[in-house]
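Structural overview for review
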Amino acid sequence: MLKIQDLHASVAGKEILKGLSLEIGPGEIHAIMGPNGSGKSTLANVLAGREGYEVTAGSVSYLGRNLLDREPEERAGDGIFLAFQYPVEIPGVPNLYFLRMALNAQRRHRGQPEISAEDFLRLISEKLKLLHLDDALQKRAVNEGFSGGEKKRNEIFQMLILEPRLALLDETDSGLDIDALKVVSDGVNALRSPEFSAVVVTHYQRLLDHIVPDKVHVLAGGRIVRSGGRELALELERDGYSWIGKEAGSAEAAR
Amino acid sequence: MTQDNGEARTLVDWLRNPPLHAGFLPTEQQLELAHLAGGMGLPGTRDEAWRYTRLAGVEGDRLLLGYGGAVPDTAQLQSLTPEGVALDRLVMVNGRIVPELCEIGALPDGVGFGSLRAMRRAAEQGLREASLLLEHLDLLSRPRERVFSAINSTLGEDAAALWVPAGVHLPRPVLVISALLSHAGPILCQPRLLVVMGQDSRATVLEAQGGFGEGAYLSNGVSEFHLEARARLEHVRVQRDSATGRRVSGTFLQLKADARARSHTYTLSGRTVRNEYRLELVEPGAAGEINGLSLVKGESHVDSHTHVSHVAPDCRSLQSFRTILAERSRGIFTGRIQVAREAQRTDAVQQCAAMVLSPEARAVARPQLEILADDVKCTHGATVGSLDANSLFYLRSRGIPGDLARRLLIHAFCSAQVGRVRAGDMVNPLDRLITRTLAEHA
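Residues numbered from 1 in each chain as written. Chains lettered and ligands numbered in written order. Predicted model: local features only at pLDDT ≥ 70, side-chain atom pairs only at ≥ 80, totals over all residues.

A few points about the overall build of chain A
The helix and strand tally for chain A stands at nine helices and 12 strands. For 255 residues, the compact-globule formula gives about 18 Å, and the C-alpha radius of gyration of chain A, at 18 Å, lands near that figure. Projected onto its principal axes, the C-alpha coordinates of chain A cover approximately 60 × 40 × 35 Å. In chain A, of all internal contacts separated by at least 6 residues, the share reaching a separation of at least 24 is 72%. (Helix = DSSP H or I, 4+ residues; strand = E, 2+ residues; numbered from the N terminus. Rg over C-alpha atoms; globule rule 2.2 N^0.38 Å. Contact = placed C-beta atoms within 7 Å.)

Written out as structure tokens, the structure reads:
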């Protein structure tokens with residue numbers, strides 16, 4: 001479903017990703033962990049197509065075609081969803097209006113008819129219920145005046161409405177209390193199916209108690225330095241990342 | 001009075017030798033103001049208040065004065081009439097009221113809405129209200145200091161007038177359309193509106209101003225609003241000038257005790273538009289708002305110039321201006337707040353925000369505060385920014401195409417201004433107007 005090969009990417013002329021390779025199959029959930037500044041968020045943003053993230057080498061193919069020459073809205077239409085680390089407040093744009101516009105834009109992109117107002121409202125109330133969310137927030141402008149936790153929940157709510165095939169969760173768990181964490185993991189687990197894949201970028205193993213990953217990768221110095229099963233997250237929790245310097249160094253030497 | 005346009009002359013020539021038509025002013029006053037205006041001359045960029053705005057070529061342009069006999073077509077009229085709003089409509093074309101285009105239904109007892117010249121005739125025949133109304137003419141527009149007011153009074157042929165007696169609430173908005181047709185050649189036009197509202201009266205007044213035709217024109221409008229104690233006014237004005245059209249407008253509001261006025265101007269096109277506002281809060285408890293939204297592109301130059309004068313204590317004022325500038329357009333805002341020594345406990349707010357969409361567009365904001373009272377709450381803020389890249393990416397990352405996302409963000413920026421309009425039936429038409437304008441800009 002997603003195949004990243006030897007990806008190099010720079011931000012403002014500084015190389016952040018230095019030869020990252022990763023393959024994610026349909027239905028798989030991969031966790032990406034690693035110290036600050038290792039390139040986790042850069043990876044998520046490169047995949048979503050944010051401006052200012054320049055790919056200098058390597059390739060990314062998604063559903064069998066080159067992802068990197070696609071506009072952000074085309075990627076979204078093709079099923080990629082980025083849950084932002086810092087969701088943006090957009091005053092003057094009501095949440096539901098925005099969400100309906102997004103859903104219909106994606107449907108048009110896929111050659112599907114627009115959703116009717118009635119079906120849309122039914123979908124909204126169903127997903128609100130699933131996440132135990134208050135519908136008052138949806139009547140306000142996008143993220144405007146939302147608390148940090150509310151913004152993150154709103155990301156997950158949007159994800160459920162848009163039903164992506166590949167979700168990129170960029171530290172969605174940071175700064176969340178246990179209730180909000182539960183909403184996030186319920187949202188992801190609700191989408192779990194053989195057609196849904198996710199990349200979960202996180203600092204903490206605790207999210208992975210709720211969203212059980214198929215694979216865990218450690219990103220350091222712009223590359224994946226270790227991959228393993230779920231137990232790797234537990235090991236990282238126990239031992240931290242102090243061993244990385246040595247391993248990354250030896251990986252560099254081996255090249 | 002000439003039915004055809006007659007000869008084209010420069011503005012200076014028109015002032016030197018004004019047409020002695022039966023205008024809305026008596027001839028001797030007309031001649032006196034013409035003389036005064038000729039002596040004052042037109043402001044140049046050396047005048048501080050006109051530093052950023054040049055009415056290029058106005059002195060040298062030969063302009064036609066008068067009606068010329070043409071009428072706007074249905075589509076043009078429609079573009080100046082808010083959709084789906086029940087209202088009474090007065091239509092002026094090149095400065096003259098065209099009765100067959102007006103649609104004025106039954107109005108409450110004592111309300112006068114129509115031609116100022118007709119009001120003068122009524123006054124001459126002894127109608128007391130008409131005399132009272134006429135006494136207000138030129139009281140606020142300062143024709144002896146402001147050359148464009150003098151020109152308007154001198155060369156103006158007719159004007160729209162609204163008289164709302166004490167205690168009367170107008171059941172629906174009144175609309176004054178002022179259309180300029182420059183097909184016959186460059187036109188000089190003096191739109192004029194005089195509104196007098198008695199104590200405890202209420203009214204919503206709409207003005208729609210637009211220019212059609214290839215010819216250049218200069219429209220020099222004056223709108224005066226007198227609000228007696230506790231009167232409430234909502235004033236919404238839409239300006240849609242042609243790409244070669246130039247407009248100067250003066251809006252003058254005077255509020256007595258506990259009166260409330262909100263004035264909103266939407267400027268959507270035009271070559272050079274200069275909007276001046278003067279809000280006078282002359283008795284305690286008055287509260288006035290001046291709001292402006294400019295949404296322009298191309299070579300448009302929009303200059304908004306406010307002067308809010310707090311004369312009495314315990315008054316409130318708000319100025320909120322938003323400007324969206326695409327392509328090579330210019331947006332200038334000069335906002336003056338003046339608080340007299342007696343105007344204690346004044347609460348005055350001024351906000352100005354510009355969204356600059358292209359590297360060639362330019363925004364200027366100049367707040368000017370002059371505060372002589374000591375117990376005063378006075379705040380002002382000005383921001384100039386571009387479309388927020390984070391917001392844009394956020395929308396696109398959800399699947400909304402770039403051009404749609406841009407339009408959505410600009411619309412959201414405008415919505416804050418539309419939200420200030422309290423005349424409920426105007427909100428949707430204004431919102432649609434913005435949608436349409438953005439679609440035309442795309």
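Thoughts on the domain arrangement of chain B
Residue and element names in this part refer to chain B. Segmenting chain B into domains produces domain 1 (11–283) and domain 2 (388–442). Centre-to-centre, using C-alpha coordinates, domain 1 lies 30 Å away from domain 2. Opposite the 13 residues of domain 1 that make contact, domain 2 presents 11 residues. Those elements that place two or more of their residues in the side of domain 1 that touches domain 2 are strand S11 (232–240) and strand S13 (260–269). A per-element tally of the side of domain 1 that touches domain 2 places S13 first, with four residues. (Domains from an automatic or database assignment.)

Observations concerning the sheet that holds strand S6 (residues 80–83) of chain A
Residues and elements named next belong to chain A. Pairing is mixed in the open sheet, where six strands are placed in the order S6-S9-S10-S3-S11-S12. Pairing within the sheet leaves two strands with one partner each, and these edge strands are S6 and strand S12 (223–228). Averaged over all neighbouring strand pairs, the angle between strand axes comes to 20°, with direction disregarded. Summarising the sheet, strand S11 (residues 215–220) and S12 pair through five bridges and their orientation is antiparallel. Its bridge partner being in S12, Val 216 is matched across the sheet by Gly 228. The strands touched by helix H8 (residues 230–239) within the sheet are strand S3 (29–33), S11 and S12, with S11 carrying the most contacts at an inclination of about 45°. (Pairing = 2+ DSSP bridges. Axes fitted to C-alpha atoms, helices over the stretch in contact; angles between N-to-C directions.)

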